[in-house]
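Residue-level listing of the chains:
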Amino acid sequence: MLVLITYDVNTENSDGKKRLRKVAKICLDYGQRVQNSVFECSLSPAQLCIIKDKLIKTIDSDKDSLRFYNL
């Protein structure tokens with residue numbers, strides 16, 4: 001399945017900048033960057049579960065935004 005992953009990470013401090021790098025690296029492992037914070041990923045259902053889990057554990061849900069769109 002083709003999935004569009006978008007994120008917005010608060011980078012006001014060094015922790016946010018570190019999270020941003022980690023999120024981008026995770027997304028690069030699974031797909032292709034189409035804009036700064038937007039990735040197209042061709043994933044199996046199992047891969048989708050894995051990447052969602054990794055990204056949700058990485059972001060700060062109070063400060064950051066993460067979206068998955070099935071295409």
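Please refer to the structure placed before this passage.
Definitions and cut-offs
- Residues numbered from 1 in each chain as written.
- Predicted model: local features only at pLDDT ≥ 70, side-chain atom pairs only at ≥ 80, totals over all residues.
- Heavy atoms only, no water.
- Helix = DSSP H or I, 4+ residues; strand = E, 2+ residues; numbered from the N terminus.
- Rg over C-alpha atoms; globule rule 2.2 N^0.38 Å.
- Buried < 20%, exposed > 50% of the residue type's maximum accessible area, 1.4 Å probe, protein only.
- Contact = heavy atoms within 4.5 Å.
- Areas by Shrake-Rupley, 256 points an atom, 1.4 Å probe, with all protein chains shown as cover.
- Lys, Arg positive; Asp, Glu negative; His and termini not counted.
- Charge placed at Lys NZ, Arg CZ, Asp CG, Glu CD.
- Expected span 1.5 Å × (residues − 1).
- Arc of directions from axis to C-beta.
- Polar contact = N/O pair within 3.5 Å; in protein donor to acceptor, adjacent residues only side chain to side chain.

**Q** Mind showing me how you'd approach the overall build of the protein here?
**A** Along its length, the protein carries two helices and four strands. Secondary structure elements of the protein occur, N-terminal to C-terminal, as β-α-β-β-α-β. Compactness check: the protein gives a C-alpha radius of gyration of 11 Å against a globular reference of 11 Å for 71 residues, within 12% of the reference. With the principal axes as the frame, the protein shows a C-alpha extent of 35 × 20 × 20 Å. A burial count over the protein gives 32% of its 71 residues as buried. Counting contacts in the protein only where the partners sit at least 6 residues apart, residues at least 24 apart contribute 63% of the total. With the model as given, the accessible surface of the protein reaches about 4700 Å², and the carbon-plus-sulfur share is 47%. Considering the protein, the positive charge centre built from 12 side chains and the negative charge centre built from 9 side chains are found 5 Å apart.

**Q** Any chance you could explain helix α1 (residues 14-30) here in plain terms?
**A** An α-helical turn contains 3.6 residues, so any two residues separated by three or four positions project in the same direction. Taking 1.5 Å of rise per residue, 17 residues should cover 24 Å, and α1 covers 25 Å from first to last C-alpha, within 8% of that figure. Listing the buried residues of α1 in full gives G16, R19, V23, A24, I26, C27 and Y30. Seen from one end, α1 has its buried residues packed into an arc of 160°, which puts them on one side. Exposed side chains of α1 directed beyond 90 degrees from the buried face belong to S14, R21, K25 and D29. The N-capping residue of α1, defined by a side-chain oxygen 3.1 Å from the backbone nitrogen of D15, is N13.

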